[in-house]
Amino acid sequence: MDELSFAYTSKRLAPPLDDSRHKGQAGRIGVFGGSLEYTGAPYFAAISSLKVGADLVHVFCSREAGPVIKSYSPELIVHPLLDDKEAVKKIRPWLERLHVILIGPGLGREPSTFDVIREIIGICRGDKKPLVIDADGLFLVTQERDLIKDYPAPGVILTPNAAEYARLVGEEKGTEKNDNKAILALGNTITILRKGAEDQIMDYAKTIKVVGGGSGRRCGGQGDLLAGALATFYTWTLQHSMEPDVLHDDRAMIACFAACRLTRECNSRGFLKKGRGMVCSDMIEEIPYVFRDQFELH
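Residues numbered from 1 in each chain as written. Predicted model: local features only at pLDDT ≥ 70, side-chain atom pairs only at ≥ 80, totals over all residues. Heavy atoms only, no water.

It is worth spelling out the layout of surface pockets at this point. Rolled over the atoms, a probe sized like a water molecule indicates the empty space that remains. When its volume is computed, the largest pocket comes out at roughly 500 Å³. Contributing to the lining of the largest pocket are 22 residues, with Lys-195, Gly-196, Arg-218, Gln-222 and Gly-223 lying nearest its centre. Among the elements of the structure, α9 (222-239) and α10 (250-274) are those that each provide at least two residues to the lining of the largest pocket. The leading source of residues in the lining of the largest pocket is α9, at four residues. Put simply, the second largest pocket is a space of about 270 Å³. The wall of the second largest pocket is formed by 16 residues, among which Pro-15, Pro-16, Leu-17, Ala-26 and Gly-53 lie closest to the centre. (1 Å grid on protein atoms, 1.4 Å probe; cavity = no way out; pocket = protein on both sides within 12 Å on 5 of 7 lines; lining within 4 Å. Points joined across faces, edges and corners; volume = space filled by probe spheres on them. Helix = DSSP H or I, 4+ residues; strand = E, 2+ residues; numbered from the N terminus.)

Printed below as a string of structure tokens:
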């Protein structure tokens, strides 16, 4: 598939808004993140996932972060369990209900939290649960690549920035061919979305770039918005009856393409209104309108 094919397919991902569907079918997302220091990141990711079109989003966070995240929005289902003594036991029943798991926004790097996340990833591996890993989740899997190596289909999407990517693949620079080989070393179900002035979406065989939109304003939280939107788009690509020429391997890349396009356009429109004072909340306000213009069939 080329860029035009990705754009064409991404416009057809959204499930129909009709009376034949029930709550939950359009996406039940789990966000693992939220610590004493970082409560905004999981909120930005979760609310973005909802505003793109997921029906339900669960946030699994630390005890201290729970009341704060709940205060941001009544729309989110918040489970302050990550530092509970029986965290995995209490979380596990929820996992089977979720379509896609996002790990990392505001997670923090407490060793005890990482112990829980290791077990969660192990359960998700056994259940073949699709993952999106960002932020502190990337820090963990960079240190312990075996957590995601040869992960079963449909696979894992990693969303590093340039510095995180360099640490992940173990080299500062490389040709496109070497980048694809580095991904293949992790497994043929790994997709990497390398964020930057131009976003690069890569799997073991190919690379596609996403450009356009955006602005000179790089506000905090933009990556969380992208990760949350991506979780919803990933759910839809896995549910969607694709055209005959769309390979299963392309589904993760299509989801990444859609999330990048949406995030870039939200940045551009937010900047037109707020300029240098734009913050992530301003971008989130643009999601419904960008989605209407770019992802609804007219």
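Bringing the packing of helix α1 (residues 3-10) against α10 into the picture now. As a packed pair, α1 and α10 sit with axes 9 Å apart at the nearest point and diverge in direction by 80°. As far as their axial angle goes, α10 and α1 are roughly perpendicular. Taken together, the residues of α10 that come into contact with α1 (itself represented by Glu-3, Phe-6, Ala-7, Thr-9 and Ser-10) are Asp-250, Met-253, Ile-254, Phe-257, Ala-258 and Arg-261. For the contact of α1 with α10, the per-class residue count stands at six nonpolar, two polar and three charged. (Axes fitted to C-alpha atoms, helices over the stretch in contact; angles between N-to-C directions. Parallel < 35°, antiparallel > 145°, perpendicular 65-115°, else oblique. Contact = heavy atoms within 4.5 Å. Nonpolar A, V, L, I, M, F, W, Y, C, P; charged D, E, K, R; others polar.)

Here the focus is the sheet that holds strand β4 (residues 100-103). Picture the strands of a sheet paired through backbone hydrogen bonds; they go either parallel or antiparallel. Taken in spatial order, the nine strands line up as β3-β2-β1-β4-β5-β6-β7-β8-β9 in an open sheet, and their pairing is mixed. This sheet does not close on itself; its edge strands, each paired only once, are β3 (77-80) and β9 (207-210). Averaged over neighbouring strand pairs, the angle between their axes works out to 15° when direction is ignored. Across five bridges, strand β1 (residues 28-32) lies against strand β2 (residues 56-61) in parallel orientation. Residue Val-31 lies in a different strand from β2, and its bridge partner there is Val-59. Along the sheet, helix α5 (residues 111-127) makes contact with β1, β4 and β5 (131-133), crossing β4 at roughly 155°. (Pairing = 2+ DSSP bridges.)

Right, let's get into helix α11 (residues 280-295). An ideal rise of 1.5 Å per residue puts 22 Å on 16 residues; α11 measures up with 21 Å between its terminal C-alpha atoms. Roughly 40° is the biggest bend found in α11, and it falls at Ile-287, with proline Pro-288 one to four residues downstream. Among the residues making up α11, those that are buried are Cys-280, Asp-282, Met-283, Ile-284, Glu-286, Ile-287, Val-290, Phe-291, Gln-294 and Phe-295. On the buried face of α11, the contacting elements are α1, α2 (40-52), α9 and α10. (Expected span 1.5 Å × (residues − 1). Bend = angle between axes of the 7 residues up to and from the residue. Buried < 20%, exposed > 50% of the residue type's maximum accessible area, 1.4 Å probe, protein only.)

This part covers unusual backbone geometry. Residue Pro-154 is reached from Ala-153 by a cis peptide bond, and omega for that bond is 10°. Phi at Lys-128 takes a positive value of approximately 55°, unusual for a residue other than glycine. Along the chain, Lys-128 falls in the loop between α5 and β5. The class for Lys-128 is exposed, based on a relative accessible area of 52%.

Of note, Asp-199 is situated in strand β8 (residues 199-202). Judged by relative accessible area, Asp-199 falls into the buried class, the value being 5%. At 2.8 Å, the side chain of Asp-199 forms a polar contact with the side chain of Arg-264. Non-local contacts of Asp-199, meaning those with residues more than four positions away in its chain, are made with Leu-193, Arg-194, Ile-208, Lys-209, Val-210, Cys-260 and Arg-264. (Polar contact = N/O pair within 3.5 Å; in protein donor to acceptor, adjacent residues only side chain to side chain.)

Under the criterion given, the structure shown has zero disulfides. The closest cysteine sulfur to the non-disulfide-bonded Cys-124 is located on Cys-61, 17 Å from its own sulfur. With relative accessibility at 1%, the residue Cys-124 sits in the buried group. Just so you know, Cys-256 is unpaired, no disulfide at all, and the nearest cysteine sulfur is the one on Cys-260, 6.4 Å from it. Cys-256 gets classed as buried once you look at its relative accessible area, which sits at 0%. (Disulfide = S-S within 2.5 Å.)

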